[in-house]
Amino acid sequence: MQIGPHILRNNVFVAPMAGVTDRPFRQLCKELGAGYAVSEMAASNPRLWATDKSTRRTDHAGEMEPKAVQIAGADPQDLADCARFNVERGAQIIDINMGCPVKKVCDSWCGSALLQNESLVGRILDAVVRAVDVPVTLKFRTGWDRDNKNALRIAAIAAQAGVAMLTLHGRTRADRYNGEAEYDTIAAVKAAVAIPVVANGDITSPEKARFVLDHTGADAVMIGRAAQGRPWIFREVDHFLRTGELLPAPTVAEVRRLMDEHLRAHYAFYGEFLGVRTARKHIGWYVRELAGGEAFRRQMNLLESTEQQLIAVDAFFESQLGLGERLQYRLPECPPEEAMAA
């Protein structure tokens with residue numbers, strides 16, 4: 001799998017998710033088998049570039065390459081300038097967000113709202129591709145609603161503009177995260193363009209990844225919500241796609257170590273005050289499918305220091321050892337709209 005000059009180690013990708021795919025999480029997913037990851041979306045409005053949130057979202061220091069930044073906005077010049085700004089700061093791939101269905105994003109005519117204006121889509125893609133000398137990719141949806149699907153036209157516009165890769169979430173903006181993903185539409189887009197196409201939506205297991213690749217003909221799969229609290233899903237999927245064999249569940253000892261490393265990196269990235277609060281959702285995702293997980297999550301939300309969180313997490317996984325050497329978890333259902341892939 002290749003994006004421009006970047007040869008990826010596999011075709012199993014991490015979806016950009018607001019509030020989730022920060023640098024520590026992306027790096028963990030890459031270490032656990034993901035071939036590619038994209039940052040949380042960064043606003044193209046130049047007044048926001050220097051904010052703490054935007055600076056963190058585009059921080060790729062020490063991250064495994066290639067380093068990809070997703071940008072969001074509605075003004076072609078702002079997006080072009082934002083792309084250049086991020087390339088100057090080390091971005092090796094620029095991804096444009098035309099998939100986010102969240103109301104506050106769409107109310108600003110960003111994200112999937114742009115799909116209603118194909119002329120503007122073309123101007124944005126042309127401007128960003130011309131602005132930078134790195135690959136530009138596009139993440140989008142099948143249309144605005146079920147009566148207004150235009151994925152094939154958007155794909156053609158993107159290919160004409162010189163976009164290097166398409167990622168299609170198989171739902172319309174109106175669907176948000178409800179219903180089943182439209183794999184037939186992804187297959188139609190793949191058949192219509194010569195550039196790589198990535199399938200996104202409802203990929204929750206190695207078997208589902210194999211089915212989606214076979215059904216759509218896509219070049220890669222992108223996993224979002226199913227990776228929350230289960231970052232080892234990337235090695236599971238990659239191994240299954242290569243060998244046809246399912247890996248056993250990770251050991252309790254390994255997950256205990258991974259969580260400790262993830263939390264320490266998370267605290268270093270955000271600092272004590274914000275780190276404790278933003279770590280709570282990650283901890284909750286890790287334990288939600290485990291015995292006693294819900295009670296532990298409620299307890300965790302009361303702790304106010306990184307040290308308390310680390311001690312509590314370690315004790316929780318010590319208790320899991322009594323249930324067996326390997327983690328006793330069931331395949332998670334995609335959670336409701338806590339943190340969604342853009």
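Everything below is about the structure shown above.
A short tour of the structure in this document, coming up. (Residues numbered from 1 in each chain as written. Predicted model: local features only at pLDDT ≥ 70, side-chain atom pairs only at ≥ 80, totals over all residues. Heavy atoms only, no water.)

**Observations regarding unusual backbone geometry**
Point 1. Between Glu-65 and the following residue, Pro-66, the backbone shows a cis peptide bond with an omega angle of 0°.
Point 2. Mapped onto the elements, Pro-66 comes out in the loop between helix 2 (52-57) and strand 5 (68-72).
Point 3. Positioned with a positive phi, Arg-176 is a non-glycine residue whose angle comes to about 50°.
Point 4. By the secondary structure assignment, Arg-176 is in the loop between strand 10 (165-169) and helix 7 (183-192).
Point 5. Given the relative accessible area of 24%, Arg-176 is considered partly exposed.
Point 6. Of note in this structure, Asp-202 is not a glycine but carries a positive phi near 65°.
Point 7. Along the chain, Asp-202 turns up in the loop between strand 11 (197-200) and helix 8 (206-216).
Point 8. For Asp-202, a relative accessible area of 16% translates into the label buried. (Helix = DSSP H or I, 4+ residues; strand = E, 2+ residues; numbered from the N terminus. Buried < 20%, exposed > 50% of the residue type's maximum accessible area, 1.4 Å probe, protein only.)

**Digging into the nonpolar core**
Where a protein is soluble and globular, its nonpolar side chains tend to be buried together.
Point 1. Membership of the largest hydrophobic core comes to 63 residues, with the highest contact counts inside it found for Met-98, Leu-138, Phe-140 and Leu-166.
Point 2. The element contributing the most residues to this core is helix 5 (residues 118-131), with 7 residues.
Point 3. For Phe-140, the residues in contact, after removing those within four places along its chain, are Met-98, Gly-99, Leu-115, Ala-151, Ile-154, Ala-155, Leu-166, Thr-167, Leu-168 and His-169. (Core = buried A, V, L, I, M, F, W, Y, C linked by side-chain atoms within 4.5 Å. Contact = heavy atoms within 4.5 Å.)

**So, the packing of aromatic side chains**
Point 1. Taken as a whole and judged by the stated rule, the model has 6 aromatic pairs.
Point 2. Their ring planes at 75° and their centres at 6.2 Å tell us that Tyr-183 and Phe-211 sit as a pair that is edge-to-face. Taken together, the positions of Tyr-183 in helix 7 and Phe-211 in helix 8 put the pair 28 residues apart, joining distant regions of the chain.
Point 3. By relative accessible area, which is 42% here, Phe-211 ends up partly exposed.
Point 4. With 6.3 Å between their ring centres and 40° between their planes, Trp-232 and Tyr-286 make a pair best called tilted. Pair noted here: Trp-232 is in the loop between strand 12 (220-223) and helix 9 (233-243) and Tyr-286 is in helix 11 (residues 272-287), with a separation of 54 residues, a long-range link.
Point 5. Note on Trp-232: relative accessible area 2%, which makes it buried. (Phe/Tyr/Trp six-rings, centres within 6.5 Å; stacked < 30°, edge-to-face > 60°.)

**Points about the packing of helix 7 against helix 8**
Point 1. It is at 8 Å that the axes of helix 7 and helix 8 come closest, and there the two elements cross at 50°. One element, helix 7, and the other, helix 8, form an angle in the oblique class. Residue-level inspection shows Tyr-183, Asp-184, Ile-186, Ala-187 and Lys-190 of helix 7 in contact with helix 8, the latter providing Lys-208, Phe-211, Val-212, His-215 and Thr-216.
Point 2. Looking at the contact of helix 7 with helix 8 residue by residue, the classes come out as 5 nonpolar, 2 polar and 3 charged. (Axes fitted to C-alpha atoms, helices over the stretch in contact; angles between N-to-C directions. Parallel < 35°, antiparallel > 145°, perpendicular 65-115°, else oblique. Nonpolar A, V, L, I, M, F, W, Y, C, P; charged D, E, K, R; others polar.)

**Comments concerning the packing of helix 11 against helix 12 (residues 293-300)**
Point 1. Running from N to C, helix 11 and helix 12 point in directions that differ by 170°, and their axes come no closer than 9 Å. In this view, helix 11 runs roughly antiparallel relative to helix 12, as classed from their interaxial angle. Seen from above, helix 11 lies across helix 12 with right-handed handedness. Seen from helix 11, the contacting residues are Arg-280, Ile-283, Gly-284 and Val-287; seen from helix 12, they are Gly-293, Phe-296, Arg-297 and Met-300.
Point 2. Residues belonging to the contact of helix 11 with helix 12 are distributed by class as follows: 4 nonpolar, 2 polar and 2 charged. (Left-handed = near helix turned anticlockwise from the far one by under 90°.)

**Some thoughts on the pattern of salt bridges**
Point 1. A full pass over the atoms with the stated rule returns 21 salt bridges.
Point 2. Residue Asp-81 is joined to Arg-84 by a salt bridge in which the shortest nitrogen-to-oxygen separation is 2.3 Å. You can see Asp-81 and its partner Arg-84 sitting in helix 3 (residues 76-88), 3 residues apart, about one turn around the helix.
Point 3. Given a relative accessible area of 27%, Asp-81 falls into the partly exposed group.
Point 4. Here Arg-230 and Glu-236 are joined by a salt bridge, their closest N and O atoms 2.8 Å apart. Residues Arg-230 and Glu-236 agree in their burial class; the two are buried. (Salt bridge = Lys/Arg side-chain N within 4 Å of Asp/Glu carboxyl O.)

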